Amino acid sequence: MRDLLHVLLSLFLLLTACDRTDQQLAGDQNLQMAVEYVGRAACKECHPLQYGLYIGSDHDEAMDIATDSTVLGDFNTTFTHLRITSRFFKKDGQFYVNTEGPDGQLHDYKVMHTFGIRPLQQYLIEFPAGRYQMLPLCWDTRPRQQGGQRWFHIYDQERIAPDDILFWTRMAQNYNYMCSECHSTNVRKNYDRFTETYNTTWSEIDVSCEACHGPGSEHVRWADADAKGQKIDVEGYLGLVIRLKDTDNATWVLRDVEKGTAERTAPRSDRRLIDTCARCHSRRSIISEDYVYGASYLDAHRPSLLEGHLYFADGQILEEVYVYASFLQSKMYMAGVNCKDCHEPHSGKIFVQGNALCYRCHTPATFGGREHHFHDPEKEGSLCAECHMPERTYMVVDPRRDHSMRAPRPDLSDRLGTPNACVKCHHEKSNQWAADYTQKWYGALEKGAAHYGEIFYAGRRRYAEVADDLVDLANDKSRAPMIRATALSLLQGYPTSSTFETLKKNVKDADPIIRAAAVESFAIVDVNERFPLIKGLLTDSVRLVRISAARSLAAVANLSLSDKELLQTATDEYKETQYINADHETALLNLAILALQQGDLEEAEQAYKKAIEIEPLFAHSYINLADLYRLQERESDAEKTLLSALAIDPDLAEIHHALGLAYVRQGQYERSLDYLKKAAELSPETSYFTYVYAIALHSTSKTDAALDVLADGLRRHPYDRDILFSLATLNRDIGRIDSALEYVVKLVDYFPENTDYKKFEQQLQALRRNAL
């Protein structure tokens, strides 16, 4: 009965929130106008309900000036973290912390701003040149009985020393670059790359109405006139820059009672609401500060796909990724669900707690009983979210639910190294125990088909057997766009004719995230061959697609004058996206690579050096600079640069690998072996390091050792073509024809489109016949 009341209440809230007239629907437009931000006070009088919900949310205090009323932490205490004791105190009415600085000494720092309110509050410290840094010491705002009302370190029990790239005064903890857009309204970072200063501005210090609805001066002008009984001409619906209500008259209906799941009466074609939320609820980088309300999200942002360092192979959340890519892989998204179907948009809170929220679309008769969830209905195991949206804790005290909304798959956990909701609760049990029960209860999951996580797991490792599966995923329009885009990105490891045809097809897809992913994977095709295939995307309607095409085609040669101008326009736009982020070393690396592709080695060198200057602890800048020196045959400079990198990060395999190759070029073969071996040991998951080390051993007449290294590498990378080919050629060279054939047969089996492997097999067969 209680759940039924919750369903009725939430249905009422949903209907009242979505109430609209035909006249309103007809007038809805999406235009970016020359309007100004007016502030939340202008919204309060006409929208008291929404304003009240917003004021009661955490958005209202996303960022604020540090005062007695906004600071929640105890500033009359000390906190010791891994032998570093920090002191919090007040002086002249201002808030200070005495803590470790970049020189390893204790200093007093004045707190300028608060950041967040629940379940933790962070604090901003001002530095010269308009730079603000995030203090790593946070206040746990939860009640004491929940473990709160205490100071803690954002990296918990990990020591982050001043010589660590994650130290709080370094770029990785910079507010202007990392945080500002999502914690205030109408933020412009305004980084000046020439003076290396910030002039970061906002219209309101926290997240206010206009952060989502856009600048409201025209709407206020219309409202003032309407209150006086006047009619004025305004662009858009009632002068709004963007209107986020649905305009297709669709609703949710229960067509199949036995199935028990409501369906939308029309496919959802409008992504404006999701794109608006994604601006802050996604793992992404900014590619334009000129955000246009109602335009594609990808016009101002580059979202991460389901990448290995961010997501588990099956798409579950691993690192802090903020919902968007999780939701875009879900069946809910494909069914037409959007954020405000579950969340009241002004407060951000769900409409109703517990299973009642899910019962709005999934009937309790089908999904609420033991015959579905097999758990005690009075206990946590019967809650939909516990199984389908398990939590993962970030920032020490902030549990967040996975919005991919999936069925638990404990049968995949041991194979893919993925978590599952079952043993999250039954932590004393094994994955196999949970898998046995799900098999017993539900039979064959996914109707017996391979889960896309199995394909991604193999694709990340470039296993030959999943090439066709990745192609099928990329082309399957019944799949969620995030799944398809990720499949396209993984096809870079499979340069086959099927991949080529798939990329050609998907650069024309209606979804810009698909087009952008396809463009990126065209890197496997010669640049002059790919130019006519993606040339049209240089003028795509979405910025991310245009700049992806420009970057992909930067090295193309022998263009007509009109094509040169076309490419130059898009390339200039790409460079602007990097200038915006020129306070971060990765943008400078991108500019250096672009200069290198265009043959400007001097500009590339300067960009690499500037990246090192901005963040001297980012070792990849040194590696890239050393490789530039290699191209210029400046081997001494390359060696010095790599040794500098090694002093910074002695356990980074890429540095050892590059140094090993540098010593090979210098003829110091024995010395090179030490570094190449270390690289292979530090990163056994990188098959290329194993392969190069083995070849180096062979080149120094250590063939037996090389074969041992390759055999060991093959156990970890059974489909790696370099390892297989080397095993075949080395065995052939020492007269072990049968062993060589064993490996070549695998190459032919795994890569049937490669005719060279087939010819190699025929040559070995002939050698074996002659030996007989």
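Anything mentioned here points back to the structure above.
Residues numbered from 1 in each chain as written. Predicted model: local features only at pLDDT ≥ 70, side-chain atom pairs only at ≥ 80, totals over all residues. Heavy atoms only, no water.

Examining the overall build of the chain
Link 1 in the chain: From N to C terminus, the chain includes 36 helices and 17 strands.
Link 2 in the chain: Relative to the 2.2 N^0.38 estimate, which gives 28 Å for 772 residues, the radius of gyration of the chain is 29 Å and therefore close to what a compact globule would have.
Link 3 in the chain: Projected onto its principal axes, the C-alpha positions of the chain cover 100 × 65 × 65 Å.
Link 4 in the chain: Per-residue burial for the chain yields a buried fraction of 49% across its 772 residues.
Link 5 in the chain: For the chain, long-range pairs separated by at least 24 residues make up 56% of all intrachain contacts whose partners lie at least 6 apart in sequence.
Link 6 in the chain: Surface summary for the chain: the accessible area is close to 37,300 Å², and the carbon and sulfur share equals 51%.
Link 7 in the chain: Taken as two groups, the 87 positive and 112 negative side-chain charges of the chain have centres that lie 2 Å from each other. (Helix = DSSP H or I, 4+ residues; strand = E, 2+ residues; numbered from the N terminus. Rg over C-alpha atoms; globule rule 2.2 N^0.38 Å. Buried < 20%, exposed > 50% of the residue type's maximum accessible area, 1.4 Å probe, protein only. Contact = heavy atoms within 4.5 Å. Areas by Shrake-Rupley, 256 points an atom, 1.4 Å probe, with all protein chains shown as cover. Lys, Arg positive; Asp, Glu negative; His and termini not counted. Charge placed at Lys NZ, Arg CZ, Asp CG, Glu CD.)

Points about the pairing of strand β5 (residues 106-115)
Link 1 in the chain: Sheet analysis places strand β1 (residues 63-65) next to β5, joined by three bridges and oriented antiparallel. Within the sheet, the bridge partner assigned to M63 lies in β5 and is F115.
Link 2 in the chain: With five bridges connecting them, strand β4 (residues 94-100) and β5 associate as antiparallel partners. Counted as the bridge partner of N98 is D108 from β5.
Link 3 in the chain: Connecting β4 to the antiparallel partner β5 that follows it, the hairpin turn spans five residues, and G104 within it adopts a positive phi of roughly 85°.
Link 4 in the chain: When β5 meets strand β6 (residues 120-127), the two strands line up antiparallel, connected through four bridges. What sits directly across from V111, in β6, is I125.
Link 5 in the chain: Count of turn residues in the β5/β6 antiparallel hairpin: four residues, of which G116 carries a positive phi of about 85°. (Pairing = 2+ DSSP bridges.)

Examining unusual backbone geometry
Link 1 in the chain: R118 connects to P119 through a cis peptide bond whose omega is 0°.
Link 2 in the chain: Located in the positive-phi region is Q149, a residue other than glycine, with phi close to 60°.
Link 3 in the chain: Within the fold, Q149 resides in the loop between β8 (137-140) and β9 (150-153).
Link 4 in the chain: The exposure class of Q149 is partly exposed, given its relative accessible area of 30%.
Link 5 in the chain: Of note, N186 is a non-glycine position whose phi angle comes to about 60°, a positive value.
Link 6 in the chain: Within the fold, N186 resides in the loop between α5 (175-178) and β10 (191-192).

Looking at helix α29 (residues 635-648)
Link 1 in the chain: With 14 residues, α29 should cover 20 Å at 1.5 Å per step; its first-to-last C-alpha distance of 20 Å lies within 8% of that length.
Link 2 in the chain: For α29, the full list of buried residues reads E635, A638, E639, T641, L642, A645 and L646. The buried residues of α29 all sit within an arc of 165° when viewed along its axis, so they share a single face. Exposed residues pointing more than 90 degrees away from the buried face of α29 are listed as K640 and A647.
Link 3 in the chain: Tucked into the core, α29 has its buried residues touching α28 (619-631), α30 (653-665) and α31 (669-682). (Expected span 1.5 Å × (residues − 1). Arc of directions from axis to C-beta.)

Examining helix α24 (residues 543-552)
Link 1 in the chain: Counting buried residues along α24, nine of its ten residues qualify, which places the element largely inside the surrounding structure.
Link 2 in the chain: Those residues of α24 lying buried are R543, L544, V545, R546, I547, S548, A549, A550 and S552.
Link 3 in the chain: At its buried positions, α24 is contacted by β15 (301-303), α22 (512-521), α23 (527-534) and α25 (561-580).

A short note on the nonpolar core
Link 1 in the chain: Counting 101 residues, the largest nonpolar core has F456, L470, M482, L488 and L538 as its most contacted members.
Link 2 in the chain: Residue contributions to this core peak at seven residues, all from helix α35 (residues 737-750).
Link 3 in the chain: Setting aside chain neighbours within four positions, we find L470 in contact with I455, F456, G459, A487, L490, L491 and Y494.
Link 4 in the chain: In this structure, L589, I623, L642 and A658 belong to the second largest nonpolar core, which totals 30 residues. (Core = buried A, V, L, I, M, F, W, Y, C linked by side-chain atoms within 4.5 Å.)

Remarks on the side chain of Q578
Link 1 in the chain: By secondary structure assignment, the location of Q578 is in helix α25.
Link 2 in the chain: Owing to a relative accessible area of 8%, Q578 belongs among the buried residues under this scheme.
Link 3 in the chain: Residue contacts for Q578: discarding those within four places in its chain leaves A587, N590 and L591.

Some points on the packing of α31 against helix α32 (residues 687-699)
Link 1 in the chain: One way to put it is that α31 packs onto α32 with a least axis distance of 8 Å and a crossing angle of 150°. What the angle tells us is that α31 and α32 run roughly antiparallel. In this structure, α31 crosses over α32, and the sense of that crossing is left-handed. Facing L673, L676, K677, A679 and A680 of α31, the residues of α32 in contact are F689, T690, V692, Y693, A696 and L697.
Link 2 in the chain: Among the residues forming the contact of α31 with α32, the class breakdown is nine nonpolar, one polar and one charged. (Axes fitted to C-alpha atoms, helices over the stretch in contact; angles between N-to-C directions. Parallel < 35°, antiparallel > 145°, perpendicular 65-115°, else oblique. Left-handed = near helix turned anticlockwise from the far one by under 90°. Nonpolar A, V, L, I, M, F, W, Y, C, P; charged D, E, K, R; others polar.)

Section: the packing of α30 against α31
Link 1 in the chain: Packing of α30 against α31 brings their axes to within 7 Å, and their N-to-C directions diverge by 160°. In terms of orientation, α30 lies roughly antiparallel with respect to α31. In terms of crossing hand, the pair formed by α30 and α31 is left-handed. Packed against α30, whose contacting residues are A653, H656, H657, L659, G660, L661, Y663 and V664, the element α31 presents Y669, R671, S672, Y675, L676, K678, A679 and L682 at the interface.
Link 2 in the chain: Taken together, the residues of the contact of α30 with α31 break down into ten nonpolar, four polar and two charged.

Describing the pattern of salt bridges
Link 1 in the chain: Applying the stated criterion across every chain, the model contains 53 salt bridges.
Link 2 in the chain: Linking R409 and D411 is a salt bridge whose minimum nitrogen-to-oxygen distance equals 2.7 Å.
Link 3 in the chain: Of the residues examined, R409 reaches a relative accessible area of 10% and is grouped as buried.
Link 4 in the chain: R665 serves as the salt-bridge partner of E635, at 2.6 Å between the closest nitrogen and oxygen. With E635 in helix α29 and R665 in helix α30, this pair connects stretches of sequence that are 30 residues apart.
Link 5 in the chain: Overall, the relative accessible area of 18% leaves E635 in the buried class. (Salt bridge = Lys/Arg side-chain N within 4 Å of Asp/Glu carboxyl O.)

A look at the environment of S413
Link 1 in the chain: With respect to the helices and strands, S413 occurs in helix α15 (residues 410-416).
Link 2 in the chain: Taking the C-alpha atoms as reference points, S413 and Q432, separated by 19 residues in sequence, lie 8.6 Å from one another.
Link 3 in the chain: Apart from the residues within four sequence positions on either side, S413 is in contact with T418, P419, N420 and N431.
Link 4 in the chain: Looking at S413, its side chain comes within polar contact range of the side chain of N420, at 2.9 Å. (Polar contact = N/O pair within 3.5 Å; in protein donor to acceptor, adjacent residues only side chain to side chain.)

Describing the environment of A740
Link 1 in the chain: Of note, A740 is situated in helix α35.
Link 2 in the chain: In this view, A740 contacts A728, N731, R732 and L764; residues no more than four positions away in its chain are not counted.

Observations regarding the pairing of strand β7 (residues 131-134)
Link 1 in the chain: As paired strands, β6 and β7 are joined by four bridges and run antiparallel to one another. Within the sheet, the bridge partner assigned to E126 lies in β7 and is Y132.
Link 2 in the chain: The hairpin turn running from β6 into β7, its antiparallel successor, is three residues long, and A129 in that turn takes a positive phi close to 65°.

Some points on a negative patch on the surface
Link 1 in the chain: Taken together, E465, D468, D469, D472 and E753 make up a surface patch of like negative charges.
Link 2 in the chain: Tracing the backbone through its elements, the reader meets D472 in helix α19 (residues 467-475). (Patch = residues over 30% accessible without salt bridge, like charges linked within 9 Å, V, L, I, M, F, W, Y side chains within 5 Å.)

Quick notes on the packing of aromatic side chains
Link 1 in the chain: One pass over the structure, following the stated rule, counts 33 aromatic pairs.
Link 2 in the chain: One aromatic cluster is present, built from ring pairs that chain together Y463, Y719, F725, Y750, F751, Y757 and F760.
Link 3 in the chain: Its guanidinium or amino end placed over the ring of Y237, R243 lies 4.1 Å from that ring's centre, counting from NZ or CZ.
Link 4 in the chain: Directly above the ring of Y291 sits R279, whose terminal nitrogen or CZ lies 3.7 Å from the centroid. (Phe/Tyr/Trp six-rings, centres within 6.5 Å; stacked < 30°, edge-to-face > 60°. Lys NZ or Arg CZ within 6 Å of the ring centre and 35° of its normal.)

Function cannot be read off these values alone, since they describe shape.
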